[in-house]
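One letter stands for each residue in the lines below.
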Amino acid sequence: MIAALCLDDNNGMMFNHRRQSRDSRLIANLVDFASGRRILVNDFSAELFAEYRVCVDTDFLKSAGCDDICFVENEDISSCLDRVHTLVIYRWNRKYPSDKRFNLDIVNLGYKLSEVTEFSGTSHDRITREVYIR
Amino acid sequence: MSRRAKKRKNLLIVALSFTAVLLICIGVGIYGEKSPSVPESALSSEYTTEQIITQTTAAVTETKPQPTTVKPTNPTAGKSKLNLGSIPKFKNSPYVEVNGNVPQFSASEKKHRTAYESYSPLDSLGRCGTAFACLCRETMPTEERGAIGSVRPSGWHTVRYDCVDGKYLYNRCHLIGYQLSAENANERNLITGTRYLNVEGMLPFENMVADYIRETSNHVLYKVTPVYSGKNLVASGVQMQAWSVEDKGSGISFNVYCYNSQPGVKINYSNGESALSGGAQGTTAKKSTYKKKPAVKSKVTKVVKPKNSRTVYRTPSGKRYHYSSTCGGKNSYEVSLDEAKKSGLTPCMKCGK
């Protein structure tokens, strides 16, 4: 399974049960990256993919197959990390308030950085996409 | 009584009744409207002795753009009450949640669907009060921020410490950030705030709101109240509240208190004077009143930088680079001079001379 998530400069993911930020060009980038693979999201993230065909599933982390991409915003992926062979981390390159953070030491968990891409978003000057593979 | 006289009497009764009803209707029409001279906040000022929020009953003035449909209410309406005594002491965390992170906007404030900004007039001590806005794309800037150095907020000191990011302890802190309001040198929107308050406390919240508006084109109610203790000239902190209108807060909703503190520096909030605190890491930090930009050779760092690798500051959308982070503004970030030039940026006309 491939897990994709967005982080700010403090590895923050959420604040007060809400996403820190959003960018439609980031979503388009993820859809490009998927290149035909299935994208799974939960109800919370579904609104971001209104223009695309994605699979909305409450238990998306459990039901995802090996090649599927799970876009994770408000879920903890540590429990299913053994199934995650690829991590796609989008960095906002900005600071937002956060009370839910991604605290996993991915390098110690055996993930290696394989690709870094930068692009400008619709509301972000520079978004960095990092792909880690284990 | 004759039949004619009886008819006349009936007609008179009908006429009198009609007149009475008419007078009652007119009376309701005149007196039924809410008196504009009584601010809502005045009806709900229940502050304790510890809690002193400035400008709570002050009238507000409006700036651009004018509301078109919904008549604005007093920015202090919504009955936001903050007890400074209930705020925990600063412990190197830039903010704490207030009221369970639930903003306290009134029902009438939540009806806003049009661009609106209001800034309280300065009080007798020259201090800012609540700034309230209904933010949207219309209130956001279309050009780079202008100079704000002409404004001298209450308690202002130009003072530098080596332990402070960007050296300057105090920034002219926008209550409603420029990226949201396009307000430049508005003295009613600028307070004396630490670099830490500006960059670590307020900016992340402003970023979150700005992104949301740009991506959704929705409206966000936004209220920032500087909180002063007694007659202090420098605010102890600011209360920030926001709520996204169209989706009823599912996109943006927060109520926080950001500390006007600076790790490593002790501040006298009554007048803005400051000194290094005992346990500060930067024990070699020096305090000096700013007069002139320090020469590069006075830098403590021993790292030898190649030619043109000098650090400058740029903003995400600006066409200029700045030698001073203060001139660059809240959104500025460090880049090398080389990088700035490669990106096609030209030096700022003010700090780059």
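All of these numbers come straight from a predicted model, not from anything done at the bench.

Participant: A description of the overall build of chain B should follow, citing residues and the corresponding values.
Facilitator: Regarding its fold elements, chain B presents six helices and 17 strands. Buried positions account for 47% of the 353 residues belonging to chain B. Of all intrachain contacts in chain B linking residues separated by at least 6 positions in sequence, the fraction that spans at least 24 positions is 70%. Here chain B displays about 18,200 Å² of accessible surface, and carbon together with sulfur accounts for 55% of that area.

Participant: Describe the nonpolar core, and please don't skip the residues or the numbers.
Facilitator: Core analysis: the largest hydrophobic core is formed by 54 residues, its most contacted members being A:F71, B:V209, B:Y222, B:M240 and B:F254. It is helix α4 (residues 195-216) of chain B that provides the largest number of residues to this core, a total of eight residues. Once residues lying within four places of it in the same chain are set aside, the contact partners of B:F254 are A:F15, A:N16, B:N101, B:P103, B:F205, B:M208, B:V209, B:Y222, B:M240, B:Q241 and B:A242. Formed by 22 residues, the second largest nonpolar core is a distinct cluster that contains A:M1, A:L5, A:L87 and A:I89.

Participant: Give me the lowdown on the environment of B:K110, citing residues and values where you can.
Facilitator: All names here are of chain B. Turning to its location among the elements, K110 is positioned in the loop between β2 (95-97) and β3 (116-119). Exposure remark for K110: the relative accessible area of 31% places this residue in the partly exposed category. For the pair K110 and L221, spaced 111 residues apart in sequence, the C-alpha separation works out to 7.4 Å.

Participant: Describe the sheet that holds strand β8 (residues 100-101) of chain A, listing the residues and the values that go with them.
Facilitator: All names here are of chain A. The strand order β3-β2-β8 describes an open sheet built from three strands, whose pairing is antiparallel. Pairing within the sheet leaves two strands with one partner each, and these edge strands are β3 (18-19) and β8. In this sheet, β3 lies alongside strand β2 (residues 12-15) in antiparallel orientation, the contact comprising two bridges. Looking at β3, one finds that F15 is bridged to R18.

Participant: Quick one: what's the story with the pairing of β2(A), residue by residue and with numbers?
Facilitator: All names here are of chain A. Direction of pairing for β2 relative to β8: antiparallel, over a ladder of two bridges. Each residue of the ladder has a partner; that of G12, found in β8, is R101. Between the antiparallel neighbours β2 and β3 lie two residues, among them N16 with a positive phi of about 55°.

Participant: Tell me about the pattern of salt bridges, and name the residues and values.
Facilitator: A side chain with one charge may pair with a side chain of the opposite charge, provided their charged atoms come close. Scanning all chains against the criterion turns up 14 salt bridges over all chains. One salt bridge in this structure joins A:E73 and A:R19, with 2.8 Å as the shortest N-O distance. Here A:R19 lies in strand β3 and A:E73 lies in the loop between β6 (69-71) and β7 (86-91), a separation of 54 residues in the sequence. In this pair, the class of A:E73 matches that of A:R19, namely buried. Between B:D211 and B:R214 there is a salt bridge, with its nearest N and O atoms 3.5 Å apart. Remark: B:R214 and B:D211 occur in helix α4; sequence separation between them is three residues, near one turn of the helix. Given a relative accessible area of 27%, B:R214 falls into the partly exposed group. Residues participating in the shared-partner salt-bridge network are A:R19, A:R22, A:E47 and A:E73.

Participant: Residues and numbers for unusual backbone geometry, please.
Facilitator: All names here are of chain A. The phi dihedral of H17 is positive, around 65°, even though this residue is not glycine. As for its placement among the helices and strands, H17 is situated in the loop between β2 and β3. We classify H17 as exposed; its relative accessible area is 67%.

Participant: Got a sec to walk through the packing of aromatic side chains? Specific residues and values, please.
Facilitator: All names here are of chain A. Under the defined criterion, the tally for this structure stands at twelve aromatic pairs over all chains. The interplanar angle of 85° and the centroid separation of 6.2 Å between the aromatic rings of Y90 and F119 together place this pair among those described as edge-to-face. With Y90 in strand β7 and F119 in strand β9 (residues 112-119), this pair connects stretches of sequence that are 29 residues apart. The exposure class assigned to F119 is buried, which follows from its relative accessible area of 14%.

Participant: Tell me what's going on with the sheet that holds strand β17 (residues 346-347) of chain B, and back it up with residues and numbers.
Facilitator: Residues and elements named next belong to chain B. Across the sheet, which stays open at both edges, the four strands sit in the order β16-β14-β15-β17 with mixed pairing between neighbours. The open sheet has two edge strands, β16 (333-336) and β17, and neither has a second partner. As paired strands, strand β14 (residues 311-314) and β16 are joined by four bridges and run antiparallel to one another. Of the residues in β16, the one forming a bridge with V312 is V335.

Participant: For the environment of B:R320, give the residues involved together with the corresponding values.
Facilitator: All names here are of chain B. Within the secondary structure, R320 sits in strand β15 (residues 320-322). Separated by 25 residues in the primary sequence, R320 and L345 place their C-alpha atoms 5.0 Å from one another. Not counting chain neighbours up to four residues away, the residues in contact with R320 comprise E144, Y313, R314, L345, T346, P347, C348 and M349. Here the side chain of R320 touches T346 through a polar contact of 3.0 Å, side chain to side chain.

Calculation notes
- Residues numbered from 1 in each chain as written.
- Chains lettered and ligands numbered in written order.
- Predicted model: local features only at pLDDT ≥ 70, side-chain atom pairs only at ≥ 80, totals over all residues.
- Heavy atoms only, no water.
- Helix = DSSP H or I, 4+ residues; strand = E, 2+ residues; numbered from the N terminus.
- Buried < 20%, exposed > 50% of the residue type's maximum accessible area, 1.4 Å probe, protein only.
- Contact = heavy atoms within 4.5 Å.
- Areas by Shrake-Rupley, 256 points an atom, 1.4 Å probe, with all protein chains shown as cover.
- Core = buried A, V, L, I, M, F, W, Y, C linked by side-chain atoms within 4.5 Å.
- Pairing = 2+ DSSP bridges.
- Salt bridge = Lys/Arg side-chain N within 4 Å of Asp/Glu carboxyl O.
- Phe/Tyr/Trp six-rings, centres within 6.5 Å; stacked < 30°, edge-to-face > 60°.
- Polar contact = N/O pair within 3.5 Å; in protein donor to acceptor, adjacent residues only side chain to side chain.

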